[in-house]
Amino acid sequence: MATFKAPKGTYDLIPPVSVKYLAVREAISAPLRNSGYGYIETPGFEDVGLFARGVGESTDIVSKEMYAFETKGGDQLALRPEGTASVLRAALEASLHKQGNLPVKLWYSGSYYRYERPQKGRYRHFSQVGAEAIGAEDPALDAELIILADQAYRSLGLRNFRILLNSLGDKECRPVYREALQSFLRGLDLDEETVRRAEINPLRVLDDKRPDVQKQLVGAPVLRDYLCDACKAYHEEVRALITAAGVAFEDDEKLVRGLDYYTRTTFEFVHDGLGSQSAVGGGGRYDGLSEMIGGPALPSVGWALGVDRTVLALEAEGIELDIPASTSVFAVALGEEARRVLFGKVTELRKAGVAADFSFGGKGLKGAMKDANRSGARFAVVAGERDLAEGVVQLKDMESGDQTAVPVGELIDTVRGRLA
Ligand code: HAM
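Residues numbered from 1 in each chain as written. Predicted model: local features only at pLDDT ≥ 70, side-chain atom pairs only at ≥ 80, totals over all residues. Heavy atoms only, no water.

Going by the annotation in an unreviewed UniProt entry, the name recorded for the protein is Histidine--tRNA ligase, with Streptomyces amritsarensis given as the source organism. You can read under Catalytic activity (unreviewed entry) in the UniProt record for the protein the words "tRNA(His) + L-histidine + ATP = L-histidyl-tRNA(His) + AMP + diphosphate + H(+)". A UniProt comment under Subunit (unreviewed entry) is attached to the protein, and it reads "Homodimer." (UniProt positions renumbered as here; feature names shortened; annotations may be inferred.)

Engineer: Looking at this structure, I do not really get the overall build of the protein. What am I missing?
Structural biologist: Counting its secondary structure elements, the protein contains 16 helices and 16 strands. Its C-alpha atoms put the protein at 90 × 55 × 45 Å along the principal axes. By residue count, 49% of the 420 residues in the protein fall in the buried class. The contacts of the protein with a sequence gap of at least 6 include a subset with a gap of at least 24, amounting to 69%. With an accessible surface of roughly 20800 Å², the protein has 51% of that area assigned to carbon and sulfur atoms. Looking at the protein, you have 52 positive and 61 negative side-chain charges, and the mean spots of the two groups are 5 Å apart. (Helix = DSSP H or I, 4+ residues; strand = E, 2+ residues; numbered from the N terminus. Buried < 20%, exposed > 50% of the residue type's maximum accessible area, 1.4 Å probe, protein only. Contact = heavy atoms within 4.5 Å. Areas by Shrake-Rupley, 256 points an atom, 1.4 Å probe, with all protein chains shown as cover. Lys, Arg positive; Asp, Glu negative; His and termini not counted. Charge placed at Lys NZ, Arg CZ, Asp CG, Glu CD.)

Engineer: Just checking my understanding: could you explain the pattern of salt bridges for this structure?
Structural biologist: Two side chains bearing opposite charge may form a pair once their charged atoms approach each other closely. Applying the stated rule across the entire model yields 33 salt bridges. Here Glu 250 and Arg 162 are joined by a salt bridge, their closest N and O atoms 3.0 Å apart. With a gap of 88 residues between them, Glu 250 in strand S8 (residues 250–251) and Arg 162 in strand S7 (residues 161–167) connect regions that are remote in the sequence. Taking the relative accessible area as the measure of exposure, Glu 250 reaches 33% and is therefore partly exposed. One salt bridge in this structure joins Lys 345 and Glu 348, with 3.2 Å as the shortest N-O distance. Pair noted here: Lys 345 and Glu 348 are both in helix H13 (residues 336–351), with a separation of 3 residues, about one helical turn. Residue classification places Lys 345 among the buried residues on the basis of a relative accessible area of 11%. One network of salt bridges, in which partners are shared, links Asp 60, Lys 64, Glu 193 and Arg 197. (Salt bridge = Lys/Arg side-chain N within 4 Å of Asp/Glu carboxyl O.)

Engineer: I would appreciate a short explanation of the site of the ligand in the present structure.
Structural biologist: For the ligand, the set of nearby residues contains 27 residues, the closest of which are Glu 82, Glu 116, Tyr 123, Glu 132 and Tyr 262. For the ligand, a nitrogen atom lies 2.6 Å from a polar atom in the side chain of Glu 82. One nitrogen or oxygen atom from the side chain of Gln 128 is found 3.0 Å from an oxygen atom belonging to the ligand. In isolation the ligand exposes 670 Å². Once the protein is present, 96% of that is buried. Taken together, the residues of the shell around the ligand break down into 11 nonpolar, 9 polar and 7 charged. (Near = heavy atom within 4 Å. Polar contact = N/O pair within 3.5 Å; in protein donor to acceptor, adjacent residues only side chain to side chain. Nonpolar A, V, L, I, M, F, W, Y, C, P; charged D, E, K, R; others polar.)

Engineer: What exactly am I supposed to notice about empty space enclosed by the protein here?
Structural biologist: To find leftover empty space, one rolls a probe the size of a water molecule over the atoms. Per the stated rule, a full pass over the model turns up 1 cavity of 30 Å³ or more. Every residue lining the largest cavity is listed: Ile 40, Glu 41, Thr 42, Arg 80, Gly 83, Ser 86, Val 87, Tyr 108, Ser 109, Gly 110 and Tyr 112. Those elements that place two or more of their residues in the lining of the largest cavity are helix H4 (84–93) and strand S5 (104–113). Element by element, the count of residues in the lining of the largest cavity is highest for S5, at 4 residues. Grouping the amino acids of the lining of the largest cavity by side-chain chemistry returns 4 nonpolar, 5 polar and 2 charged. (1 Å grid on protein atoms, 1.4 Å probe; cavity = no way out; pocket = protein on both sides within 12 Å on 5 of 7 lines; lining within 4 Å. Points joined across faces, edges and corners; volume = space filled by probe spheres on them.)

Engineer: Would you mind going over the sheet that holds S5 with me for this structure?
Structural biologist: Backbone-to-backbone hydrogen bonds pair the strands of a sheet. The strands run either parallel or antiparallel. Here 8 strands make up an open sheet; going across it, the order is S1-S5-S6-S11-S10-S9-S7-S8 and the pairing mixed. Lying at the two open borders of the sheet, with one neighbouring strand each, are strand S1 (38–39) and S8. Here S7 pairs with S8 via 2 bridges, running parallel. Within S8, the residue paired with Leu 165 across the bridge is Asp 251. (Pairing = 2+ DSSP bridges.)

Engineer: Where do I start with the sheet that holds strand S2 (residues 45–47) in this structure?
Structural biologist: Taken together, the 3 strands give an open sheet; going across it, the order is S2-S4-S3, and neighbouring strands pair in antiparallel fashion. Each of the sheet's edge strands pairs with one partner strand only, and the pair in question is S2 and strand S3 (68–70). Going across the sheet, the axis of each strand differs from the next one's by a mean of 35°, ignoring polarity. Sitting on the sheet, helix H2 (residues 48–56) is in contact with S2, S3 and strand S4 (76–79), with an inclination near 75° to S2. (Axes fitted to C-alpha atoms, helices over the stretch in contact; angles between N-to-C directions.)

Engineer: Explain the UniProt feature "domain: Aminoacyl-transfer RNA synthetases class-II family profile" (unreviewed entry) in the protein here, please?
Structural biologist: Here the UniProt-annotated "domain: Aminoacyl-transfer RNA synthetases class-II family profile" (unreviewed entry) positions come out as residues 24–324. As a span, residues 24–324 carries 37% helix and 21% strand, and end to end its C-alpha atoms are 14 Å apart.

Engineer: Looking at this model, I keep getting lost on the packing of aromatic side chains. Mind explaining?
Structural biologist: Any aromatic ring pair is given by two values, namely how distant the centres are and how the planes are angled relative to each other. Applying the stated criterion to the full structure yields 14 aromatic pairs. Considering the side-chain rings of Tyr 39 and Trp 107, the 4.8 Å spacing of their centres and the 55° angle between planes classify their relative orientation as tilted. Taken together, the positions of Tyr 39 in strand S1 and Trp 107 in strand S5 put the pair 68 residues apart, joining distant regions of the chain. Owing to a relative accessible area of 44%, Tyr 39 belongs among the partly exposed residues under this scheme. Put simply, the rings of Tyr 153, Phe 161, Phe 267 and Phe 269 touch in pairs and so form one group of aromatic residues. Here the basic side chain of Arg 124 rests over the ring of Tyr 115, its NZ or CZ set 3.9 Å away from the ring centre. (Phe/Tyr/Trp six-rings, centres within 6.5 Å; stacked < 30°, edge-to-face > 60°. Lys NZ or Arg CZ within 6 Å of the ring centre and 35° of its normal.)

Engineer: Is there a simple way to think about the nonpolar core in this case?
Structural biologist: For soluble globular proteins, the rule of thumb is that nonpolar side chains tend to be buried together. Judged by nonpolar contacts, the single largest core of 46 residues is most densely connected at Phe 51, Val 55, Leu 88, Leu 106, Ile 134, Leu 181 and Tyr 261. Here Leu 181 is in contact with Pro 202, Leu 203, Leu 206, Ala 220 and Pro 221, once residues within four sequence places are set aside. With 43 residues, the next largest nonpolar core counts Ile 28, Leu 141, Phe 161 and Phe 269 among its residues. (Core = buried A, V, L, I, M, F, W, Y, C linked by side-chain atoms within 4.5 Å.)

Engineer: Mind showing me how you'd approach unusual backbone geometry here?
Structural biologist: Excluding glycine, a negative phi dihedral is what most residues carry, and trans is how most peptide bonds are arranged. Here the bond from Pro 15 into Pro 16 is cis, since omega is 5°, no more than 30 degrees from zero. Position of Pro 16 among the secondary structure elements: in the segment before helix H1 (18–33). Here the amide bond leading from Leu 102 into Pro 103 is cis, since omega sits at 0°, within 30 degrees of zero. Position of Pro 103 among the secondary structure elements: in the loop between H4 and S5. The backbone of Ser 95 shows a phi angle near 55°, a positive value even though the residue is not glycine. Looking at the secondary structure, you find Ser 95 in the loop between H4 and S5. Of note, the phi angle at Arg 264 is positive, near 50°, even though the residue is not glycine. Looking at the element boundaries, Arg 264 is found in strand S9 (residues 263–271).

As structure tokens, this is what we get:
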């Protein structure tokens, strides 16, 4: 019979590597949990229109990469390609913005789906940890998010990442720039698809990686020269606050991002050891998104960091996370009676908060000790019929190799004492 494989562009997280993903999610969310962000979880799929309107019909994410489908009931849904539109939808639906405590600060962690051409660092199923601060126009909020992401990466030991920063202007100044850019682009020798893109979303053309396009873009109007005074002042304040926090960044006027909802502050975290998929995270301000999906004006800002790429970045820097072994005590029972006694002791240890595991499957001493080694446990508890007849079990320190007989009734306290 045919066997099954994980679908193209996906992969399974399996031990021992999977523990790294948990540690990365934990490290990214810790600064958020410490800064007033509440946890939110939304469904893995949404009305397709939410993403079409929110992320933008002309973006690659929506036009080419979305897993959209019709349900048996005739609903048009899509697997979520990103988290921002969903989180804002949920906040609006629950009227979080009406409870008088803006900004509403939320964080999330989950799976996202994009029908992309798979390669290293680019998958069809990937995971992000994200944060959204909804309902306040305050440069300190933009700065807070950038500082927290920097702190998250540093807490993992990452060093070779850079923060790229830009402002995309607002609904006053961006249209003026857009016009100017479009008329510049119309004078270039571009292929048909790029000409079309220039008409729908000219800023995206700046992002084109092809050298022949980049060559022609020399001398293109720069958004910075078109920013209105309010946007300029806002951006300067964000820059000043990040600088004061000691977080280094690079101004990158070409940074436009692949989602349509951005206004003003945009940023990306890039890692230099990842090759072409170098963006480990990104985000920005999206002051118009709420209105785009039918809500009131709620200026907001957020980011999402890619868990998969963060793990690749750790590998690129040769960083081994200091993850303690999950098992402290491994019980090796030799014979039926020992099995019953030690199984009971393992349950007691677990109840006492000690991580413990047991040699299942009736293995002999050699095989069971191999399992004990593999588990990374600090102690092995070994007992056979003779030990029990004497009312003891053997407690073996797996680091030093020392072994001592401990009365059965004192095992829990002895182990707890030695672990402390
Ligand atoms: P994004 O830049 O599309 O932004 O994705 C954020 C991060 O998710 C990327 O930097 C990358 O690490 C990871 N990522 C994206 N696509 C893939 C993929 N195919 N395979 C592996 N990793 C991937 C957003 O999603 C916005 N919602 C961020 C945001 C939040 N903006 C405001 N608030």
